[in-house]
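# A closer look at the structure
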Amino acid sequence: MEIATFVEQLKTASLSSKTTIWADPSKADFQDSLARRTDVGKKQPGAIIMPASEDDAAKIVKLAVESSVPFVAKAGGHSAWSTIGSSGFVLDFSLMRAVEVDTGRQTATASAGTLIGDIVDAVAEQGYCRGLHTVDHRGGITVLAPLIGFGSDNIVSARMITAKGDLITVSKDENAELLYAIKAAGQFFGVVTSLTVKIHPLSILGSPEGSVWSASLLFDVSKAADVARAAIEVKKTTTRSYCLTGVMPAPPTLDPIILVLVIHLGSKADGEEAFKPILDLGPLAVPASSEVPFGKVNEGFQAFESKGGFKRWLAVGMTSLDQFQPEDMTRLVDQRGTITEKYPSAKPTGSVIEFTSDGPWNQVTAENETAWSTRDVATWCHLLCWASEEEAVDYAHEIAEESMRHIRRNQPKYQFSIYGNFSRIAPLEQRYKGAERLEKVRGLKLKWDPNGVFTNEFL
Ligand SMILES: Cc1cc2nc3c(=O)[nH]c(=O)nc-3n(C[C@H](O)[C@H](O)[C@H](O)COP(=O)(O)OP(=O)(O)OC[C@H]3O[C@@H](n4cnc5c(N)ncnc54)[C@H](O)[C@@H]3O)c2cc1C
């Protein structure tokens, strides 16, 4: 069915008055709502449909499935995939941003358009925390991993619209097999209208009021290898830490600098002790270093979150710390230099390693067997290609692939990992590791979405 006819039909589908349909791309609101994390592959849809309720979302999806009109869901727009061409529509969840906290059950239920900050703030008001940095049914890396497991481990249940347009509950009691799939591959199985996740008392953070130590440190690029060596030592010796470090552009010139962002789930004094190997190297500057409420630590990462520009991102999993040699960081600095010399518009490009400590996981039950498949990753190496021209970002990506081959030189092939939230072109076996897991997820896809309503991934 033509998208214009579909939109006309929706007008008679008794949707609630708050549900909004935009079908005129010349309008500023329409264009503004298309802002995405990256302009690579960004398309203009035939319509943007914003359901105001779960029932409306289900009616819209059912009609789209019956009419064979393609669509894609959009929540925060921080991926490269919530985009579709003019024959389809974006199911935009911006109007469904609500969080219900149940302190009795220690859960929070977030509707589909909820952003990480919304849920972190809502649970903090009640004395609880949950993972940052992750949109659970699509991912899992989180600052809180040492204490509570990965983001997707913390999913309790979901409400989901299936490929037939049916609204179902997914939990350990209902449609339990889908719980396996939505823990890290949710976007390929249905439209999740709300997600219920575990929440944890702020006291697990090591201070009654739930503050943590958050700092950013800057070093000259000549210290790249020393900082990487010290960071790897921190990974080996701490149990409550998060660290991201590597070569990044320093404003306003965007010349390279070694940036270290750290979070310690505890006091500043304990954090400084944990990160002593890095602090001892004598940072050039310390733009931030204080105890902050847990929910505020995301603010230190805002530069990474901006929308627009051409970005391509490769997140390569290292399954042992020995696989990333400190000198690799110097090589990454040099590789960035090669890119920016040829294309100065690629100066926002950077490369970092990112890890959390191996902590006392057993404080909560983490589900081990799910679609989430990178528990064996000791540290991620993010190769973030970013430019204002597409040709430049493609060149940066070519160099990033070369860097990836280099840092994988000591890794057995079967351990290769790519974080699926940043790539859909890497081989599936590297994004969903383990033959048994892949077979299971493929079987579930064939059962629940055989016609690829939610992409042909796994088919
Ligand atoms: C700066 C930055 C930092 C990040 N850090 C982390 C991190 O630390 N840990 C981590 O795990 N991930 C991280 N990510 C990855 C991020 O979690 C994923 O890209 C996530 O999918 C983005 O969600 P979104 O709602 O903003 O994106 P969107 O682009 O809106 O959606 C992402 C995908 O999910 C689909 N989708 C959206 N809503 C629904 C729905 N209701 N039901 C089903 N499918 C839906 C979309 O169609 C699309 O395919 C980071 C991303 C960025 C840009």
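Residues numbered from 1 in each chain as written. Predicted model: local features only at pLDDT ≥ 70, side-chain atom pairs only at ≥ 80, totals over all residues.

## Quick notes on the sheet that holds strand E14 (residues 255-264)
What the eight strands build is an open sheet, ordered E15-E12-E14-E13-E17-E18-E16-E19; its pairing is antiparallel. The outermost strands of the open sheet, each flanked by one partner alone, are strand E15 (285-293) and strand E19 (417-418). Note: strand E16 (residues 310-318) against strand E18 (residues 379-387), nine bridges, orientation antiparallel. Its bridge partner being in E18, Ala-315 is matched across the sheet by His-382. Across the face of the sheet, helix H7 (residues 224-237) comes into contact with strand E12 (211-219), strand E13 (241-250), E14, strand E17 (350-356) and E18 while running at roughly 165° to E13. (Pairing = 2+ DSSP bridges. Helix = DSSP H or I, 4+ residues; strand = E, 2+ residues; numbered from the N terminus. Contact = placed C-beta atoms within 7 Å. Axes fitted to C-alpha atoms, helices over the stretch in contact; angles between N-to-C directions.)

## Examining the domain arrangement of the protein
Domain boundaries in the protein define domain 1 (3-92), domain 2 (99-203) and domain 3 (211-431). Here domain 1 and domain 2 have C-alpha centroids that lie 23 Å from each other. Counting residues per element, the side of domain 1 that touches domain 2 draws most heavily on helix H3 (residues 54-66), at seven residues. Of the residues in the side of domain 1 that touches domain 2, the class split is seven nonpolar, one polar and three charged. (Domains from an automatic or database assignment. Nonpolar A, V, L, I, M, F, W, Y, C, P; charged D, E, K, R; others polar.)

## Examining helix H14 (residues 435-448)
Residue pairs three or four apart in sequence face the same way in an α-helix, which turns once every 3.6 residues. A rise of 1.5 Å per residue sets the reference length of H14, with its 14 residues, at 20 Å; its end C-alpha atoms lie 20 Å apart and thus fit the reference within 8%. Regarding H14, the residues found buried are Val-441, Leu-444, Lys-445 and Trp-448. All buried residues of H14 lie within an arc of 100° about the axis, which places them on one face of the element. Exposed side chains of H14 directed beyond 90 degrees from the buried face belong to Ala-435, Glu-436, Glu-439 and Leu-446. Where H14 is buried, its residues contact helix H6 (176-185). (Expected span 1.5 Å × (residues − 1). Buried ≥ 20, exposed ≤ 12 C-beta atoms within 10 Å, placed from the backbone. Arc of directions from axis to C-beta.)

## Overview of helix H1 (residues 3-10)
Every buried residue belonging to H1 is among Ile-3, Phe-6 and Leu-10, and all of these are buried. Across the axial projection of H1, the buried residues extend over an arc of 55°, all falling on one side. Exposed side chains of H1 directed beyond 90 degrees from the buried face belong to Ala-4, Thr-5 and Glu-8. On its buried side, H1 packs onto strand E1 (20-22), strand E2 (47-50), H3 and strand E4 (89-92).

## Quick word on the sheet that holds strand E9 (residues 167-170)
Strand order across the open sheet formed by five strands is E5-E6-E10-E8-E9, with antiparallel pairing between neighbours. In the strand order of this sheet, the two ends are held by strand E5 (99-102) and E9, each with one partner. Strand-to-strand, the axes of this sheet are offset by a mean angle of 15°, without reference to chain direction. Sheet topology places strand E8 (residues 155-161) next to strand E10 (residues 191-198); six bridges connect them, and they run antiparallel. Residue pairing in the sheet places Met-160 in a bridge with Val-192 of E10. Contacts between H3 and the sheet are confined to E8, E9 and E10, with E10 contributing the most and set at about 140° to the helix.

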